[in-house]
Every structure is written in C-alpha cells, then in structure tokens.
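Summary of the model geometry
Take a look at the letters that make up each chain.
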Amino acid sequence: DRGLKLQSPRMAKKKYEDENVLVISRDLFDELGSFQGLSLEPWSYLGAILAPANNYFLDRNEAEDDPSHKQIIPYVIFQAGDKYLHYVRGAKGGEKRLASKGSLGIGGHVNDTDVDPENRAETVDKVTYTKGVEREIREELKIVGPYTQRIVALINDDSNAVGKVHLGVVHLIQLESENVKANEASIEKLEFLDVEELTKLRKKMESWSQICFDGFIGLLE
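Side note on the pairing of strand 1 (residues 20-25)
- Bridge count between strand 1 and strand 3 (residues 56-59): 4 bridges; the pairing is antiparallel. When the sheet's bridge partners are listed, Val 23 is paired in strand 3 with Tyr 56.
- In this structure, strand 1 lies alongside strand 4 (residues 69-80), joined through 3 bridges in antiparallel fashion. Within strand 4, the residue paired with Val 23 across the bridge is Gln 71.

Details of the confidence of the model for the protein
- Summary statistics for the protein give a mean pLDDT of 86 and a share of 85% for residues scoring 70 or more.
- Averaged pLDDT values for the elements of the protein fall to 55 in helix 8 (residues 216-219) and rise to 98 in helix 1 (residues 26-33).
- The low-confidence segment residues 1-12, where pLDDT is below 50, has 1 contact with residues more than four positions distant or belonging to other chains.

As for the pairing of strand 9 (residues 147-156)
- Bridge count for strand 2 (residues 37-39) against strand 9 is 3 bridges, and the pairing is antiparallel. Directly across from Gly 37, in strand 9, lies its bridge partner Asn 156.
- Relative to strand 10 (residues 166-175), strand 9 is paired through 8 bridges, and the arrangement is antiparallel. What sits directly across from Ile 155, in strand 10, is Gly 168.

Re the packing of aromatic side chains
- Under the defined criterion, the tally for this structure stands at 4 aromatic pairs.
- When the centroid spacing of 5.6 Å and the interplanar angle of 70° are considered together, the rings of Phe 29 and Phe 35 count as edge-to-face. Here Phe 29 and Phe 35 have matching classes, each one buried.
- Aromatic side chains Tyr 75 and Trp 208 sit 5.2 Å apart centroid to centroid with 85° between the ring planes, which places their arrangement in the edge-to-face category. In this pair, Tyr 75 sits in strand 4 while Trp 208 sits in helix 7 (residues 207-214), placing the two residues 133 residues apart along the sequence. A single burial state applies to Tyr 75 and to Trp 208, both of which are buried.
- In textbook terms, an aromatic cluster arises when at least three aromatic residues are bridged by ring pairs, as seen for Phe 29, Phe 35 and Tyr 45.

How each quantity is defined
- Residues numbered from 1 in each chain as written.
- Predicted model: local features only at pLDDT ≥ 70, side-chain atom pairs only at ≥ 80, totals over all residues.
- Heavy atoms only, no water.
- Pairing = 2+ DSSP bridges.
- Helix = DSSP H or I, 4+ residues; strand = E, 2+ residues; numbered from the N terminus.
- pLDDT = per-residue confidence, 0-100.
- Contact = heavy atoms within 4.5 Å.
- Phe/Tyr/Trp six-rings, centres within 6.5 Å; stacked < 30°, edge-to-face > 60°.
- Buried < 20%, exposed > 50% of the residue type's maximum accessible area, 1.4 Å probe, protein only.

See the structure below:
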C-alpha cells in the first residue's frame, strides 16, 4: 500500500528526548531482598543502591519498558500538622499512565544532569541523589517557610507496568504551614487533607499512594 509508511524502531521518535535516569539492576534489588508494598527499613537497601558501583544512568525510553532495571524515584510526602498534601495528576504530566489519579507523593527521576558538571560521573552517591530530590521539589512546588525531611520507607509495586520498572524512596517532609502552591500545570487540585478526608479518596489514588496511605501508622512511627 503506497499510502502506508512504516518507521523502523530507530526512526521512531523518542518519547523522552535526551533524558538519562538513575537505575539499578533488578538483580541487585532481588539480591538485597525484593518485596511487594512498603519496606520500613530503607537504609537496609539505600547503602547499596547509592553505592556508585551499583547504580548507573540509562536512557529513559529504554528504562520505561525494561523490567530488568529499576528506576530510583524519590517520592516525597508532605505533612503540615495532622494534614497531608494531596493532588490530582493532570494530563500534562510526564507519566501518562498515572493521569487523573490522586497522589500523596511528589516525585520524579534522578537525572545525569544532577551530577556535578565539574566532576561528571556515570554513577550517583548520596550527595547527588539528595540534589536530585531537592531539584524535583523545586520544580513541582513552591514552598514558603522552613521544613524538615527524612527518608522513611521504600516502596515497590510489581503488580502493574509502571511499578515494575520503578522503586520509590519515600521521603517525609514536615512543614510549618500549609503555604504550598503547585509549580507545574500537571499538579491539579492541590490541598491539605486529614486522614478521614483522604480515606474517602483512597480508591482514586495511584497505587504508590494507596500503599503509603495504608501503611501510614507504621510509616510515621
């Protein structure tokens, strides 16, 4: 058919242009002790994950479709008093598979651009990882006032296509006020809600938020 034009895989346009994301091998995750759901012992894993010999950058187009790698994703939950930040992922977000889902977490990839350009490496340590987390927060939210931060869990969900290629590092940020605004169009209906209000929205949340919500009591101990 003269009207049919086929593109070879090499000619097809990349979904993610010039983005290299931090990954570890699935084999390493299995060696450390793979799990389904929430792990409240993140430092049992992070020492190995953030050891430069164990992580590397991979083209995101490849990483998104290859479950032999796990993309390392900071997933940041915000608490102000007895309320937690909740928003809806808009259609303009980077991960189309999560559009219209409710979320408790702000997160994204650690990229090779987070590495110090004067000391460029192909791996990441704790310092570079932390820079990536702070960049993601600044890109997605405008926060007024001081806050404290700590890593509280790891999250893994192999029950769906998105989860199979990602491993979340759950951060808890405690704010002094609710003075937070969205800094991206993909973050919609941003508001702070208490546990009772969140319970009513749980079924509409993305899987990682459901897992975090169900484990909140243990998560915050």
